[in-house]
Amino acid sequence: MWKENNYITPKLEGSPFLGKPILFYWFEILAFNIFGVSEYAARFFPACIGIFTSIFTYICLRTLKDRKTGIISALSVACAPLYFVLCHYANMDGEVGSWITCSALALLVGVNLPEKTLKRDIFLYLAYFFGAAAFLTKGLIGLVFPAGMIFFWMLFLGKWDQLLKLRLVSGLLLVIILILPWMILCNQQNPGFITYFFIWNQFDRFLGSDFNMHQPWYFYIGPVIIGIFPFTFYWLQALKKNIKDIIYDKQTANVELFCLIWFVMITIFFSIPQSKLIGYISSAIPGSAIFMALYFAKIWEEDLSPYNKISSWIVTVLFFSLAVGLVILLFVSHNPGVHASEPYIWSLSAILLICSGSFAWILLNKPLVKYIYICLIIPTGIILIFILADLKNFKLQYNWPIAAKVEKVLKKYPNAKIYMYGQFFYAIPMYLNQEIPTVSDWDKISLETLGDNWQREIFEGTKFTTSLPKTLETYSQFKHYWNINKNEPIIIVINDGSMRNFEKLVGHTYHIISTIPHRKAIIVGNNYINMSDK
């Protein structure tokens with residue numbers, strides 16, 4: 001899209017990818033224009049939007065409660081491990097979770113402010129604006145979730161009079177103005193897009209059973225709670241205290257009620273489909289983190305309760321055990337990534353030991369809630385940053401290790417033609433900053449027989465085109481190019497399960513350059529590269 005100056009039709013390997021809207025891609029293209037094509041650029045806006053969401057959380061909770069609650073809530077959202085991780089991926093889950101969070105909080109602030117004030121109107125229109133951004137990131141959930149939260153909130157509080165004071169007509173008009181132009185333009189370029197987008201992708205995908213990653217109904221309960229680790233150990237206390245306050249005076253505890261509705265509703269919603277991915281739950285994590293933050297803010301100056309002392313001792317032992325375990329890992333592991341990460345591991349171990357010691361000292365001398373929270377939030381933030389910085393040593397960056405191997409070959413053969421064979425290796429075209437054709441049986445497959453796999457993701461878009469894009473080559477096209485370009489360098493990234501098929505197609509006229517077992521990939525070259533190496 002960036003190379004084609006295409007700002008209307010999302011694409012995947014040259015094929016229209018219309019299951020998701022456009023905003024995420026606009027941010028990616030903008031980042032590439034500013035910074036060039038790189039990991040940093042691809043992840044820049046997801047991280048920035050996550051930071052903005054944390055700051056906006058502070059603004060909203062300060063308005064709803066006080067400055068202390070705002071700070072605790074913002075830090076809790078920013079350092080919730082699952083949310084932090086999702087905001088450092090170049091994908092839509094972190095971004096849509098952020099926009100939904102901003103929309104929901106703006107809506108809550110708006111209905112809690114005095115009527116007929118400029119500040120109230122600003123927050124309400126911000127809620128519609130962020131809802132439109134969420135829709136343009138991942139579809140209907142961007143509008144349905146904030147609307148559902150405020151609906152159930154009004155239902156439990158009996159505040160139906162607020163419904164007519166939400167600037168519904170002008171707010172929805174703002175949403176339409178923001179989302180409709182792109183949808184019309186996209187439908188003009190891809191006739192049938194609107195039907196496909198709303199009916200198949202939004203409803204059929206939610207209710208259907210022909211998709212991968214089937215999980216039990218309770219799959220998301222763990223991520224919603226563990227996603228705010230290490231505050232997970234105080235979860236039951238927070239739940240008990242906040243629900244008790246809601247029952248005692250739900251009007252006063254309306255923020256706690258809203259956050260409870262927030263993460264419960266989204267968790268139930270995504271538990272209905274059979275297909276479940278961790279990223280789907282991203283929009284529930286900030287609600288869960290704020291729910292926990294409200295609990296800590298209320299007991300900030302208090303001594304630890306007996307249950308909180310037990311939880312704190314568990315955290316103390318856990319941090320100490322993790323510190324010792326990391327040191328032992330350095331001496332017993334033969335993983336190259338572990339030894340390449342030695343400075344990080346020693347640093348993490350030291351941080352965990354300091355925190356463990358601090359916890360023990362606080363529990364024995366000054367068992368106050370505020371000291372425990374500080375000892376939880378600071379190391380959590382530092383550890384998350386350290387882990388992020390250390391990813392490359394463990395080669396966890398998806399297909400980056402494959403691209404790095406190909407780059408080494410390209411230094412010697414800069415004009416080599418590159419193919420992906422038997423699989424589309426996501427992100428490799430970005431890492432190498434060039435279009436790379438994917439070879440498969442594109443001329444023989446059909447949507448009716450395809451399962452929920454990488455081929456379907458790409459091939460689905462061909463219903464909006466009259467022919468295959470040049471980035472999708474059939475086996476016969478590839479064989480023809482291979483045979484007539486024996487004196488030109490050709491590099492192929494092959495899924496290891498397709499090697500037999502590849503050898504059957506080209507014979508023994510290839511040379512294995514490298515293997516990447518943990519990515520199930522083999523890099524081969526034609527005999528031109530082999531002869532040149534000799």
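Everything quoted here is computed from the prediction, not taken from an experiment.

Asker: Which parts of the structure should I look at to understand helix 22 (residues 499–506)?
Answerer: What helix 22 keeps buried is the set Met-499, Phe-502, Leu-505 and Val-506. Buried positions in helix 22, seen along its axis, are confined to an arc of 125° and lie on one side of it. What points out from helix 22, more than 90 degrees from its buried face, is the exposed set Arg-500 and Lys-504. For helix 22, the secondary structure elements touched by its buried residues are strand 3 (417–421), helix 21 (475–484), strand 6 (490–495), strand 7 (510–516) and strand 8 (521–526). Backbone geometry just after helix 22 places Gly-507 at a positive phi near 75°.

Asker: Can you walk me through the packing of helix 6 (residues 118–138) against helix 8 (residues 168–189) in this structure?
Answerer: Packed helix pairs are characterised by how far apart their axes lie and by the angle those axes make with each other. Two numbers describe how helix 6 lies on helix 8: the axes approach to 9 Å, and their chain directions differ by 25°. Considering the angle they form, helix 6 stands roughly parallel to helix 8. The handedness of the crossing between helix 6 and helix 8 comes out as right-handed. For the pair formed by helix 6 and helix 8, the contact residues are Tyr-125, Tyr-128, Phe-129, Ala-132, Phe-135 and Leu-136 on the first element and Leu-168, Ser-170, Gly-171, Leu-172, Leu-174, Val-175, Leu-178, Ile-179, Trp-182 and Met-183 on the second. Residues of the contact of helix 6 with helix 8, tallied by class, amount to 14 nonpolar, 2 polar and no charged.

Asker: Sorry if this is basic, but what is going on with the environment of Phe-135 here?
Answerer: Take Phe-135: it is sitting in helix 6. Taking the C-alpha atoms as reference points, Phe-135 and Tyr-431, separated by 296 residues in sequence, lie 29 Å from one another. The contact partners of Phe-135, leaving out residues within four places of it in the chain, are Pro-21, Leu-140, Gly-142, Leu-143, Ile-179, Met-183, Phe-197 and Phe-198.

Asker: How should helix 13 (residues 285–298) be read in this particular structure?
Answerer: Because an α-helix completes one turn every 3.6 residues, residues spaced three or four positions apart along the sequence face the same direction. Counted at 1.5 Å a residue, the expected span for helix 13 with its 14 residues is 20 Å, and the 20 Å between its end C-alpha atoms agrees. Counting buried residues along helix 13, 13 of its 14 residues qualify, which places the element largely inside the surrounding structure.

Asker: Sorry, what's going on with the pattern of salt bridges here?
Answerer: Pairing is possible between side chains of opposite charge, provided their charged atoms come close. Enumeration over the complete set of coordinates arrives at 14 salt bridges. The partner of Lys-298 in a salt bridge is Asp-245, and the shortest N-O contact between them spans 2.7 Å. Of this pair, Lys-298 sits in helix 13 while Asp-245 is found in helix 11 (residues 235–248), placing the two residues 53 residues apart along the sequence. A salt bridge links Glu-301 to Lys-370; the shortest N-O distance between them is 3.2 Å. With Glu-301 in the loop between helix 13 and helix 14 (306–332) and Lys-370 in helix 17 (residues 369–389), the pair connects residues that are 69 residues apart, well separated along the chain. Exposure remark for Glu-301: the relative accessible area of 53% places this residue in the exposed category.

Asker: Would you mind going over the packing of helix 1 (residues 23–35) against helix 2 (residues 39–64) with me for this structure?
Answerer: Between helix 1 and helix 2, whose axes approach to 8 Å, the crossing angle comes to 125°. The angle between the axes of helix 1 and helix 2 places the two elements in the oblique class. For the pair helix 1 and helix 2, the sense of crossing is right-handed. Residue-level contacts link Phe-27, Glu-28, Leu-30, Ala-31, Phe-32 and Phe-35 of helix 1 to Tyr-40, Ala-41, Ala-42, Phe-44, Phe-45, Pro-46 and Ile-49 of helix 2.

Asker: Would you mind going over the sheet that holds strand 3 with me for this structure?
Answerer: One key point about sheets: their strands pair by backbone hydrogen bonds, in either a parallel or an antiparallel sense. The strand order across the open sheet formed by 6 strands is 5-4-3-6-8-7, and the pairing between neighbours is mixed. Of all strands in the sheet, those with a lone pairing partner are strand 5 (472–473) and strand 7, marking the two edges. Across the sheet, helix 21 is in contact with strand 3, strand 4 (438–439), strand 5, strand 6, strand 7 and strand 8; its angle to strand 3 comes to roughly 150°.

Asker: Sorry, what's going on with the pairing of strand 7 here?
Answerer: Each regular strand carries side chains that alternate between the two faces of the sheet. In this structure, strand 7 lies alongside strand 8, joined through 6 bridges in antiparallel fashion. Among the inter-strand pairings, Ser-514 is bridged to a residue of strand 8, identified as Ile-523.

Asker: It is not clear to me how the packing of aromatic side chains should be interpreted in this structure. Could you clarify?
Answerer: For any pair of aromatic rings, the description consists of the separation of the ring centres together with the inter-plane angle of the planes. Within this structure, the stated rule accounts for 53 aromatic pairs. Ring centres of Phe-27 and Phe-45 lie 5.0 Å apart, and the angle between their planes is 35°; on these two criteria the pair is classed as tilted. You can see Phe-27 sitting in helix 1 and its partner Phe-45 sitting in helix 2, a full 18 residues away along the chain. Relative accessible area serves as the criterion here: at 13%, Phe-45 is assigned to the buried category. Ring plane angle 90° and centroid distance 5.0 Å describe the contact between Phe-145 and Phe-269, whose orientation is recorded as edge-to-face. With Phe-145 in helix 7 (residues 141–157) and Phe-269 in helix 12 (residues 254–271), this residue pair connects regions lying 124 residues apart in the sequence. Assessed through its relative accessible area of 23%, Phe-269 is described here as partly exposed. An aromatic cluster of three or more residues is present, and its members are Tyr-419, Tyr-421, Tyr-475, Phe-478, Tyr-481, Trp-482, Phe-502 and Tyr-510. Its end group placed over the ring of Tyr-481, Lys-417 keeps NZ or CZ at 6.0 Å from the ring centre.

Conventions we followed
Residues numbered from 1 in each chain as written. Predicted model: local features only at pLDDT ≥ 70, side-chain atom pairs only at ≥ 80, totals over all residues. Heavy atoms only, no water. Buried < 20%, exposed > 50% of the residue type's maximum accessible area, 1.4 Å probe, protein only. Helix = DSSP H or I, 4+ residues; strand = E, 2+ residues; numbered from the N terminus. Arc of directions from axis to C-beta. Contact = heavy atoms within 4.5 Å. Axes fitted to C-alpha atoms, helices over the stretch in contact; angles between N-to-C directions. Parallel < 35°, antiparallel > 145°, perpendicular 65-115°, else oblique. Left-handed = near helix turned anticlockwise from the far one by under 90°. Nonpolar A, V, L, I, M, F, W, Y, C, P; charged D, E, K, R; others polar. Expected span 1.5 Å × (residues − 1). Salt bridge = Lys/Arg side-chain N within 4 Å of Asp/Glu carboxyl O. Pairing = 2+ DSSP bridges. Phe/Tyr/Trp six-rings, centres within 6.5 Å; stacked < 30°, edge-to-face > 60°. Lys NZ or Arg CZ within 6 Å of the ring centre and 35° of its normal.

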